[in-house]
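So you can see what is in the structure, the chains are spelled out below.
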Amino acid sequence: MNGRPLIESERRKILPLPAETQCPANGTRSAVDKSVTVDVREDIRQGREPFSKIMNAAAALQNDEQLLVIVPFEPVPLVRALEKQGFRHTSHSVAAGEWEVRFTRQTMASPLDAAPAAASLGSRRNSGFTPMKMVEVDARGLEPPQPLIKILETLAGLSEGGQLNARTDRRPMHLYAQLEERGFTAETLEQPDGSFLTHVHRR
Amino acid sequence: MAVFSPMFTAVKPSTVRPAPATLPLGANAPSVALPLAFILTGLLALGAGTGWLVLQPRLLAAYHYNQFVIAVTHLFLLGWVCSVVMGAMYQLVPVALETKLYSERLARWQFAFHLVGFIGMVWMFRVWNLKQVGHFGSVLAFGVGLFVYNMARTLRRVPKWNVTAVAVAAALFWISLTVTAGLSIAIAKCSYDSTEGLATAPGVGTLVDGLRSIAGFMSRFDAISAMHAHAHLGGVGFFTMLIVGVSYKLIPMFTLSEIQSKGRAAGSIVLLNLGLAGSFTTILLRSPWKLAFALVGVGALAIYGWELAAILRARRRPTLDWGIKYFLTAVVLLFPLSALAVVLSWPGLPLNVFTGQLENVYGFLGLIGVVSFAIIGMLYKIIPFLVWFCRYSRQIGRAQVPSLADLYSARLQAVGYWTFLAGLAAACGAAVLSSETGVRIGCGLVGLGVATLAVNVGRMLTHLFRSKTRPLSLQTSPVPKPA
C-alpha cells in the first residue's frame, strides 16, 4: 500500500464494512468514515444520467461527511461543478474502468450548504473564520411572481463578488433570462424535499 | 453514452468547458407578443359571438341543427376558446413543464393559419357553403397540425413527466382527432358536388377518390350523431382535458398548495380518456351504451373535484382571488353539466322540443359556463403576468414596480363575475323555455360580463405603453441578508 491511506475499494476487500444505511439521496451512508458512497457505474452502463443522483447526495451531505463517487472514468466536468459549489476532491483509478472520487466540503461555507442558521454563522465568526459573501433567499411559499421579485431585489443589493442561494418551490424558469441580462449565471438543483436550490453568481 | 449530458462525459481537463448544472439560461416561454395575439383574437371572438346571440336569440331558443348555430358555435369554439387555449399553451406549457418551446416560428405561422381558417370557416358556415368550409377548414387543420407538432416536440423535451404532461399529450391527440372528424363531416356533406368535374383532371384523381371514400365512409353514420361526437371530442378531449390537467399544476401554484394524491390525479385523467373514447364511439353509433361511458366521464370529473377540494383544503393562502373564483365556478358548473350529460345519454330518450332545448343548454352551459369561466379565471392570471413580465421584470430591484393586482380592477372582476353568472343562468333557463326575450336578456348580461373583462384587459395592456414605476426609496432598497 506504500503508506498511502486506504481507499474505499481496498478497505472493502480487507475489512468487512459495518452496517451501511441507505441515505435519502440514493447513496450508501457509512458510519466508519462518515462518508456517503454513490456508485453510478451501473447507471452509466444502463444509459441513465447519474448527475442529479450525485448532486442530490452532495446536497444532502452533513458538514462533516464526505461523498465517495464510484465511476468508470474520471468525471472531470462533475468535479468542476462540485468545486464551484465548494467541494474539494481527490480521485484515484482503482482498476480498469473504475475510479473513486472523494469529495469533501471546503472549510468555508459552500454554496450547497444551505443551512442558513444564524447560530452557525455566529460560531464561524467567533472562530475568526471569514465567511463567503453568500446571501440566502428563501422564496418558498410565495405566489408567482413574488419569488422572482424577492430574488432580483436581493440580487440588486449584492456586493461585488457576492453570491446568492435561492430556495423556491418550483424551478425558477422566468429567472434565468433576467439573471443573464444582469450579468449573472445560475445553476438550479432539485432538492430531496422537492424544492429547488438556485445558486447565482456573476459570470 | 450518447444520451449523457456533457456533465458526464470523460474528457481531458484541457478541453473542459464548465457546463451549467441546470437548464440553459433563457430556457423559457416564447415572447409575450405571441400569446397576447392569440388571447386578444379570442376576446374579440367572444365579444362577437355574444353580440351575435343578443341579436339573434332564436339561435339558442330553438333547435340547434342549423347553419347559424353551427357558425356561432365555431366562432366560440375556434375563435374564442381555441385561440386563447393555444396562445396560453405556448406560454404555460414550457414554464409548467420546465422545458422550452420547440419553435416560436412555427407558432407564429400557426397563428396566421388559425386566423384565416377560423374566420373563413365561420363565415362559410353562416352562408352554408360547405365546399369553402372544407377549404378554410383545411387551412385551420394545417395550423392545428403545426400546433400539435410544435407541442409534441416540446413535450419530448420535458425532463420529468407528470400528470399535467400526460393530460397535455392526450389533449393533443384528441384535438387531432377532432379536426379529422370535422373535416370528414364537411367532406361527407359536399364532396360529391365539389368534386364534380374534377375526377378527370390530371393529378387530382387520387385526391378525389380519397375524398369520395371518406364521404362514403361517413355516410354510414347519422349526420347529427357525427356532429355530436365531433363536438364531444373537442369539448371534452381538448378543452376539459386541458382544464383538468393544467389545473393540477396551476391551482397548487396560485393557492400555495400541493397535489394531495397523485393516484387520484392520474386516475381522473385515465378515466376521462376512457370515458371520452367510449362516448365518442357510442354517440357516433347511437348506442345505448353511451350512458355507461357518460358515467365513466362523470366519475372522472368527480375524482377531479375530490382532488381539487383536497388541494384547496391544504392551501396555505386562505384568500381566493377572483381569478381562482372564476375557475372554481367552472368546476362547480361541471356538476349540472354532468347531470345533463347523464340525462341526455339515457337510452331511449325521446327527441322532442324539450329534450332538444336541453341539448342547447348542455352545449351553452359547457361552452359559456364551464369552459369560458375556466378560461376567464386563468386569463386573469396569465394576462397580468405576461404584461407585468414584459414591462417590469427588468426594473425589479432598480425601481419600485407595481404588483400584479395593480394592473387590473378587482371591483370590475367582481362585477363581471356576477353579471356573467347571472346571464348564464338566465340564458340557460330561457333556452329551456324557448324564450327568445329571456335568451336576449341572459346573453346581454353575459355580454356585460365580457365587457368588464375587456375593460380590465385594456387597463392591463396600457402598462405596455405607459410604465408605472417609481424610484426606489431608501426604505424600500433591498438589504441582503448575509449568511
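In this text, all values refer to a predicted model and were calculated from it rather than measured experimentally.

What counts and what doesn't
Residue numbers here run from 1 along each chain, matching the order of that chain's written sequence. Following the order in which they are written, the chains are lettered starting with A and the ligands numbered starting with 1. Owing to the predicted nature of the model, reporting of local features is limited to residues with pLDDT of at least 70; listing and counting of side-chain atom pairs is limited to 80 or more, with chain, interface and lining totals taken over all residues. Calculation of side-chain values draws on the structure's entire complement of heavy atoms; hydrogens and water are dropped beforehand. Each cavity reported here is a set of points on a 1 Å grid over the protein atoms alone in which a 1.4 Å probe fits but cannot get out, each pocket an open set with protein on both sides within 12 Å along at least five of seven lines, and each lining residue one with an atom within 4 Å of a point. Grid points are joined across faces, edges and corners, and a volume is the space filled by probe spheres set on the points. Secondary structure elements are defined from DSSP: runs of H or I of at least 4 residues count as helices, runs of E of at least 2 residues count as strands, and each element is numbered from the N terminus. Only Asp, Glu, Lys and Arg are considered charged, only Ala, Val, Leu, Ile, Met, Phe, Trp, Tyr, Cys and Pro nonpolar, and every remaining residue, Gly among them, polar. Each aromatic pair joins two rings of Phe, Tyr and Trp (for Trp, the six-membered one) with centres within 6.5 Å, and gets the label stacked for planes under 30 degrees apart, edge-to-face for over 60, and tilted for any other angle. When accessible area is computed with a 1.4 Å probe and restricted to protein chains, residues below 20% of their type maximum are described as buried, those above 50% as exposed, and intermediate ones as partly exposed. Lysine NZ or arginine CZ positioned within 6 Å of the ring centre and within 35 degrees of the ring normal marks a charge as sitting over the ring. Throughout, bend refers to the angle between the axes fitted to the seven residues that end at a position and the seven residues that start at it.

*Asks:* Residues and numbers for empty space enclosed by the protein, please.
*Replies:* This model, assessed by the stated rule, comprises 7 cavities of 30 Å³ or more. Lining the largest cavity are 27 residues, with P144 and H174 of chain A together with V95, M253 and F385 of chain B positioned closest to its centre. Among the elements of the structure, α6 (146-156) of chain A together with α3 (67-96), α8 (223-255) and α12 (353-392) of chain B are those that each provide at least two residues to the lining of the largest cavity. Residue composition of the lining of the largest cavity, grouped by class: 18 nonpolar, 3 polar and 6 charged. Along its surface, the second largest cavity is lined by 21 residues, and V85, A88, L92, V246 and M378 of chain B are the ones closest to its centre. Looking at the lining of the second largest cavity, the elements with two or more residues in it are α3, α8 and α12 of chain B.

*Asks:* Talk me through the packing of aromatic side chains; I want residue IDs and the actual numbers.
*Replies:* Residue and element names in this part refer to chain B. This model, assessed by the stated rule, comprises 22 aromatic pairs over all chains. Here Y326 and Y417 contribute two aromatic rings whose centre-to-centre distance is 5.3 Å and whose plane-to-plane angle is 90 degrees, an arrangement assigned as edge-to-face. Of this pair, Y326 sits in helix α11 (residues 322-344) while Y417 sits in helix α13 (residues 410-432), and the two are 91 residues apart along the sequence. Exposure remark for Y417: the relative accessible area of 10% places this residue in the buried category. Among the aromatic side chains, those forming a connected cluster through ring pairs are W322, Y326, F373, Y380, Y408, Y417, W418 and F420. Here the guanidinium or amino end of R264 rests over the ring plane of W306, the centre of that ring lying 4.5 Å away.

*Asks:* How would you explain α3 of chain B if you had to name every residue and give the values?
*Replies:* Residue and element names in this part refer to chain B. At M89, α3 shows its strongest bend, of approximately 35 degrees. Burial analysis of α3 places 24 of its 30 residues in the buried class, which makes it a mostly covered element. Among the residues trailing α3, E98 stands out with phi positive, at a value near 55 degrees.

*Asks:* Would you mind going over the environment of F184 of chain A in detail, with residue names and values included?
*Replies:* All names here are of chain A. Mapped onto the elements, F184 comes out in strand β9 (residues 184-190). With a relative accessible area of 4%, F184 lands in the buried category. Counting along the chain gives 126 residues from F184 to A58, while the straight-line C-alpha distance between them is 23 Å.

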